[in-house]
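A look at the structure
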Amino acid sequence: MAAHLSYGRVNLNILREAARKELREFLDKCAGSKAIVWDEYLTGPFGLIAQYSLLKEHEVEKMFTLKAGRVPSADVKNIIFFVRPRLELMDIIAENVMSEDKLQPPREFHILFVPRRSLLCEQRLKEQGVLNSFTNIDEYILDLIPYDGDLLSMESESAFRECYLENDQTSLYHTAKGLMTLQALYGTIPQIFGKGECARHVANMMLRMKREFAGSQNQILPVFDTLLLLDRNVDLLTPLATQLTYEGLIDEIYGITNGYVKLPPEKFAQKKPGEGGKDLPTEPKKLQLNSAEELYAEIRDKNFNAVGAALSKKAKIISAAFEERHNAKTVGEIKQFVSQLPHMQAARNSLANHTSIAELIKDITTSEDFFENLTVEQEFMTGVDTDKVNTYIEDSIAQKDPLIKILRLVCMQSVCNNGLKQKVLDHYKREILQTYGYEHLLTLNNLEKVGLLKPQLTTRNNYPTIRKTLKLWMEDANEQNPNDISYVYSGYAPLSVRLTQLLARPGWRSIEEVLKMLPGPHFEERQQLPTGLHKKRQQGENRTTLVFFLGGVTYAEIAALRFLSQMEDGGTEYVIATTKLLNGTSWIKSLMDRPEAQIL
Amino acid sequence: MSRAKPEDDEYWNSSKFSAFTFDDEDDEFTKMKESKRAVNSILVDDDDDDDDVEKVSWSGEPIGSISWSVKETASSFRSSGEQSFPKIDTAPSLPKQGSGYSLSSLFKAKSKPFQSFSESFTDTSTRAYAPELRKPKSECKDYMSDWSPEETVRRMRKGRAYSLERFHSLQDKLLLLDEAVSLHDGNVITAVLIYLKRSLSKEILFRELMVREVALRHYVHYLKEMGEQKLLVELMKALGRTEDMALMQYKEHLNIKDEGRRRDFLKSCLSLPFSQDDAMHVQDHYTLLERQIIIEGTFSSPANIRKTFRISEKQYILTALGARAKLKSWFDVDSLFNTKNWLGYTKKRSPIGFHRVVDILQKNNAPAQVLQEYVNLIDDPELRLSLAQKYKCHDIVIDTYKDLKDRQQLIVYQGKVERGSHEDRKIEELINNMQIRWKN
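Here's a quick rundown of the structure. This one's a predicted model, so the numbers in the text were calculated from it and none came from an experiment.

1. Side note on the sheet that holds strand β3 (residues 78-83) of chain A
All names here are of chain A. Spatially, β2-β1-β3-β4-β5 is the arrangement adopted by the five strands of the open sheet, whose pairing is parallel. What marks the edges here is a single partner per strand, and that holds for β2 (60-65) and β5 (134-139). Neighbour to neighbour, the strand axes of the sheet diverge by 20 degrees on average, direction disregarded. One ladder, built from five bridges, connects strand β1 (residues 34-38) with β3; its direction is parallel. In the strand pairing of β3, Ile-36 is matched with Ile-80. The sheet strands contacting helix α1 (residues 13-29) are β1, β2, β3, β4 (108-113) and β5, and the helix crosses β3 at an angle near 145 degrees. Strands β1, β2 and β3 of the sheet are contacted by helix α2 (residues 40-47), whose axis makes an angle of about 110 degrees with β1.

Now the structure itself:
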């Protein structure tokens, strides 16, 4: 199930295995048969760590979803709650425990907090009078979840909001902890670079934690050469732009959660001969997306305009492979053909699925609205008319387009203009409040607090300087055979990835001036390695850098980093970690107050 | 997918890179579809599942995945013995090197069973060990040795028993807080804050928090979590963060369902110390709600609302146009755009482009005649032509070509109209008209 995690430069399966072992240990603590009651949100992330078979091996016989009322009857010795540390969940658990049937043989209760136990939650359980009913209260430290061979995420939905809006640095503490775990498994990372306040904070915590463990030296040969910590607020622009890679567009349009996407079912109905009139399914089609699927690994990071050609090429190869059967003459040849069938069938299904997805996406990317929206984005990113009220935005508000779309554009204009003129800002704010409701005043205030929306305080707009120095806009972006990371946004090179690229070569010293224009300090730290663990690099051997995005990363940025890893003379391979995989929509949503109302 | 402006057309036509086109012909995708058909036509028996192929339910969950199993095991009440799940954990044997690690063992000297430390929340100062937690006594040995702030905080972090009651003096309590903060563990900081909240007066706690930014943030977060709105507002006031306080108070209205009560609440918000802009918006919000409640009132004419809420002309026209068009009140639509000049002639003007007006009318199924009238008002001849062609306003197309003196296009267009029709004759007449100076 997880072989794809070990194909990358760094074997992330080690991390997954460690997490599995931890899970087994906890399950064995609760001796005897058991039922797990799940906080439904957790089943997704857990699915990346373990299958039901693992739980079953450890006597888990039933699984339920956490709900108010009574835990369904099940003839088991233990009931284990797998929950996030949330107060509202504690109330449900308390109700569950209290409504337990007294006539039945007593069952033992346990709680496993993911990713951390919380004193606040335990206090709530105590107030409810049930704390003493639990035999085990434990935590399952699931800080960094391996998503793919080169990708780790904490999937902490609110990390950006907490860090930059509420100034709550708990998620940074978890980040530092997660990085310590990673170092325990993969060796001390000798070099740490960073840009931004949060990056500085995480590095400080790491160094302190290392001092606390000074007694036991890490004897593992370092796998990572460099750690780069990047604050999301160093690059507020990138997530606002519409991602134009295949995976990025799937996420923008349908949303990828825990490696799965739900798609409209119509295009996926399987027609077998003789079953013509079969009803079309109405449930969304759910597909898993990761590099275990050969075709997906090949196309996901391409610009969407290059996907059609790739699919068509693949189709020809598969067709040819199936044609081979006519050439198979001897029994041996036929046998060989048959042995390859399962693989070919899988490839064929995969191709059919992605062709359908590509068609769905193309319907949207060829729509006039998509094109107009993209045009405005690209105008802003190239600095065209960013200081005036934009007609397209005005019109979109008047037509009551989705509020998040409006907010993405207005924020983008503000970021590309280093703040909006007071008059322009006031105009947008009034139009938005009048059209979508005054309560969004709170959301607008939040956006101002995190710096996505702001009045222009100085007349000096430094965005053009940043754009030019870092070459953020490439006129001749090649979508088919890219030679630069700017292909992921058809012209715009994500600032965060440019910084990463420039750090590797020629180094940040060359861009000191621009770094000073971006928020937060930039720094470099070194961690001493025990003698004997210094890596002797082979000639031509690539360096490995872990890039950690504090506050979230988009699929297009990941694609750009993978592109850099694959560059022939790149010299550096990247592993990516983040607090959350996000896109402009999910990001803005996390900053809204009462996002459930009027977002679509 | 790149920025394309009219002047860029040449670039697109000459470039080897293709942008998204709106044409139906699209090579790659047509090819793609063909290939798909070809592949689909190859008959492969899908039924004989192979062990190598992961089984997936329709909803996409691999059979045996956790979310799939939650549904499965909850719905079936067979005894566990009968349940058989397909063996799907097909992971090839993993590199063995990793399997020896456990995350916790990396950090803990020994992995110890849980000990309840929340017992220390009790008001009695007896240190409590939850007796129901079965654990060997031997592991409790290091229990009493050291009660310095450092050691206490360390114990809290590791989940061992501790007691905060020993920190009596203000100075001790603050030392404890500072130690917790320096470790950055939010969980521990919150626990200490809860103790301080209980054992210190509000004034003193607020005063001390003011000089401890990090602890203050955690405290604010804690109060929010617990819904202690009143205390939170007091705290904001004490800190002088009046605008935050005002917004926080205003946010409460989201929780009020009853309209009348919400209006009253908003009214009480009007006097809060908002920033100047926000104050205006909140005032508007209140006025709007008041008005919605007395919707039949005489104050609610569109023009009056427009004036009260300083609605821009554009927004007003777009909203009114949409509303009128939906009701098919084409006459009202007309009057939205009619302006009289000083001679008393009426003329149509619009703050938004007439092509947008046409768009909205078309979406509301306006009759051809209405549509035609507005297409004709579009200034830009290119735009007018394309929309006229789209909505089959033949007369406008013909007149526009005539104005552009484009005889060739006119001849091309003649091929598209019905032979012998009124349009056909009109074109015929025009192309034979020697008076017109055609450009081609």
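2. Some points on the state of the cysteines
Here, the word disulfide means a covalent bond between the sulfur atoms of two cysteines. Residues and elements named next belong to chain A. Scanning the model with the defined rule gives zero disulfides over all chains in all. Free cysteine Cys-121: the closest other cysteine sulfur is in Cys-30, separated by 19 Å. On the basis of relative accessible area, Cys-121 is assigned to the buried category, the value being 1%.

3. Some remarks on the nonpolar core
Soluble, globular proteins show a tendency: their nonpolar side chains are buried together. Counting residues in hydrophobic clusters, the biggest one holds 249 residues, and the most contacted among them are A:Leu55, A:Phe81 and A:Leu452. Here the element with the most residues in this core is helix α15 (residues 403-416) of chain A; it accounts for ten residues. Every residue in contact with A:Leu55, bar those within four places of it in the chain, is listed here: A:Leu23, A:Leu27, A:Ile36, A:Trp38, A:Val60, A:Met63 and B:Ile66. Core analysis: the next-biggest nonpolar cluster, separate from the first, contains 37 residues, B:Trp330, B:Val357, B:Leu361 and B:Tyr401 among them.

4. Structural notes on the sheet that holds strand β11 (residues 260-263) of chain A
All names here are of chain A. Read from one edge of the open sheet, three strands run β10-β11-β12, paired in antiparallel fashion. Of all the strands in the sheet, the pair left with one neighbour each is β10 (256-257) and β12 (285-288). In terms of strand pairing, β10 meets β11 through two bridges, oriented antiparallel. Looking across to β11, one finds that Thr-257 is bridged to Tyr-260.

5. A look at the pairing of strand β6 (residues 145-148) of chain A
Alignment of β6(A) against strand β7 (residues 151-153) of chain A, held across three bridges, turns out to be antiparallel. Bridge assignment links A:Pro146 to a residue of β7(A), and that residue is A:Leu152.

6. Overview of the packing of aromatic side chains
Taken as a whole and assessed by the stated rule, the structure comprises 22 aromatic pairs over all chains. Ring centres of A:Phe46 and A:Phe82 lie 5.4 Å apart, and the angle between their planes is 50 degrees; this geometry places the pair in the tilted category. With A:Phe46 in helix α2 and A:Phe82 in strand β3, the pair connects residues that are 36 residues apart, well separated along the chain. Its relative accessible area of 0% is what places A:Phe46 among the buried residues. For the ring pair B:Phe337 and B:Phe354, a centre distance of 5.8 Å and an interplane angle of 55 degrees mean the geometry is tilted.

7. Topic: the pattern of salt bridges
Pairing between side chains of opposite charge can happen when their charged atoms approach one another. Residue and element names in this part refer to chain A. Enumeration according to the criterion identifies 59 salt bridges over all chains in this entry. Close ionic contact of Arg-526 with Glu-524 constitutes a salt bridge, the shortest N to O distance being 3.1 Å. Since its relative accessible area comes to 56%, Arg-526 is described here as exposed. Beyond isolated ion pairs, a larger network of salt bridges with shared partners links Asp-148, Asp-150, Glu-247, Arg-300, Asp-301 and Arg-562.

8. A word on the environment of B:Phe274
Residues and elements named next belong to chain B. On the secondary structure map, Phe-274 appears in the loop between α12 (259-269) and α13 (276-293). As a C-alpha pair, Phe-274 and Thr-242 span 32 residues in sequence and 7.5 Å in three-dimensional space. Residues within four places of Phe-274 in sequence aside, it is in contact with Glu-243, Ala-246, Leu-247, Tyr-250, Cys-269, Ala-279 and Val-282.

What counts as what
Residues numbered from 1 in each chain as written. Chains lettered and ligands numbered in written order. Predicted model: local features only at pLDDT ≥ 70, side-chain atom pairs only at ≥ 80, totals over all residues. Heavy atoms only, no water. Pairing = 2+ DSSP bridges. Helix = DSSP H or I, 4+ residues; strand = E, 2+ residues; numbered from the N terminus. Axes fitted to C-alpha atoms, helices over the stretch in contact; angles between N-to-C directions. Contact = heavy atoms within 4.5 Å. Disulfide = S-S within 2.5 Å. Buried < 20%, exposed > 50% of the residue type's maximum accessible area, 1.4 Å probe, protein only. Core = buried A, V, L, I, M, F, W, Y, C linked by side-chain atoms within 4.5 Å. Phe/Tyr/Trp six-rings, centres within 6.5 Å; stacked < 30°, edge-to-face > 60°. Salt bridge = Lys/Arg side-chain N within 4 Å of Asp/Glu carboxyl O.

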